[in-house]
Each structure stands twice: as structure tokens, then as C-alpha cells.
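# Close look at the chain arrangement
Below, each chain spelled out in residue letters.
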Amino acid sequence: MSDLCPCGSGHGYERCCCPFLDGRDPAPTAETLMRSRYTAYVRRNVPYLLATWHPSTRPKSLALAEGLGWQGLGVPATAKGGGRTI
Ligand SMILES: [Zn+2]
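Below, the discussion takes up the overall build of the protein chain. If you tally the helices and strands in the protein chain, you get three helices and zero strands. Going from the N terminus to the C terminus, the protein chain shows its helices and strands as α-α-α. The C-alpha atoms of the protein chain give a radius of gyration of 13 Å, which matches the 12 Å a tight globule of 86 residues would have. The principal-axis extent of the C-alpha atoms belonging to the protein chain is close to 35 × 30 × 25 Å. Evaluated residue by residue, the protein chain yields a buried proportion of 19% over its 86 residues. Sequence-distant contacts in the protein chain: of pairs separated by 6 or more residues, those separated by 24 or more amount to 46%.

Here it is as C-alpha cells:
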């Protein structure tokens, strides 16, 4: 049994955001991209955050504050960019 993904999908990390953060697959929808970026903040995956940041606003580097806590991500609804089947 794997750990639940921090993005709140209810799925295990290995079958949820892990393939995106590892660079194996691109996030297929806006929702999965948003969830994967949240997970990247939780797991302090700065390269993924920078790689998925729009170039027009992306900083040259990113330093995440130490001790920052992430409480959770809620996605009340989606339209057209609905989730993938996992
Ligand atoms: Zn996830």
C-alpha cells in the first residue's frame, strides 16, 4: 500500500502525481497539472515547479521557505479539464 498523494485525489502517490514529478508523463489536464504542482510544493520538487511554470512569469530560481506547511488542496469542481482515469 503506497502513501496517499498529497494532492488530495485519494489515490496513491505512485499512481497519481509521481509520473508527472518524475518527468515520465506530462500532466494531461489543467486539473492534474494543478494537483501535480501542489504535490511538488509539498515534496519540495523545485525543478518540476520551474519546468511547469509559464516562461513569462517563471523566476530564474526558486527557494522554498523552510518549515512551510501545506494543509491540503481542494478542487470543488472542474469543467472539460476533468481528471484522468487511474
Ligand atoms: Zn496526486
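What follows picks up the thread again.
Look at R44: it is not a glycine, yet its phi comes out positive at around 55°. On the basis of neighbour count, R44 is assigned to the exposed category, with 11 C-beta atoms found within 10 Å.

This part takes up the nonpolar core. Counting residues in each nonpolar core, the largest one holds eight residues, listed as C5, C7, C16, C17, F20, L21, A40 and Y48. Among all residues touching L21, those that are not within four sequence positions of it are S36, T39, A40, R43, N45 and Y48.

So, about the environment of C7. The topology assignment puts C7 in the segment before α1 (18–21). Since 24 C-beta atoms lie within 10 Å of it, C7 is described here as buried. For C7 and M34, which are 27 residues apart along the polypeptide, the C-alpha to C-alpha distance reads 8.8 Å. Contacts of C7, omitting those with residues within four sequence positions, involve C16, C17, R35, S36, Y38, T39 and L73.

When the terminal C-alpha atoms of helix α2 (residues 30–42) are compared, their 19 Å separation across 13 residues agrees well with the 18 Å that a helix rising 1.5 Å per residue should span. Within the sequence span of α2, burial applies to E31, T32, R35, S36, R37, T39 and A40. If you follow the buried residues of α2, they end up packed against α1 and α3 (46–51). Where α2 ends, the next residue or the one after it, R44, has phi of about 55°, a positive value.

All right, on to the environment of L68 then. Mapped onto the elements, L68 comes out in the segment after α3. Each C-alpha atom, one on L68 and one on V42, is 8.8 Å from the other, the two residues being 26 residues apart in sequence.

Here is what the cut-offs are and how they apply
- Residues numbered from 1 in each chain as written.
- Predicted model: local features only at pLDDT ≥ 70, side-chain atom pairs only at ≥ 80, totals over all residues.
- Helix = DSSP H or I, 4+ residues; strand = E, 2+ residues; numbered from the N terminus.
- Rg over C-alpha atoms; globule rule 2.2 N^0.38 Å.
- Buried ≥ 20, exposed ≤ 12 C-beta atoms within 10 Å, placed from the backbone.
- Contact = placed C-beta atoms within 7 Å.
- Core = buried A, V, L, I, M, F, W, Y, C linked by C-beta atoms within 7 Å.
- Expected span 1.5 Å × (residues − 1).

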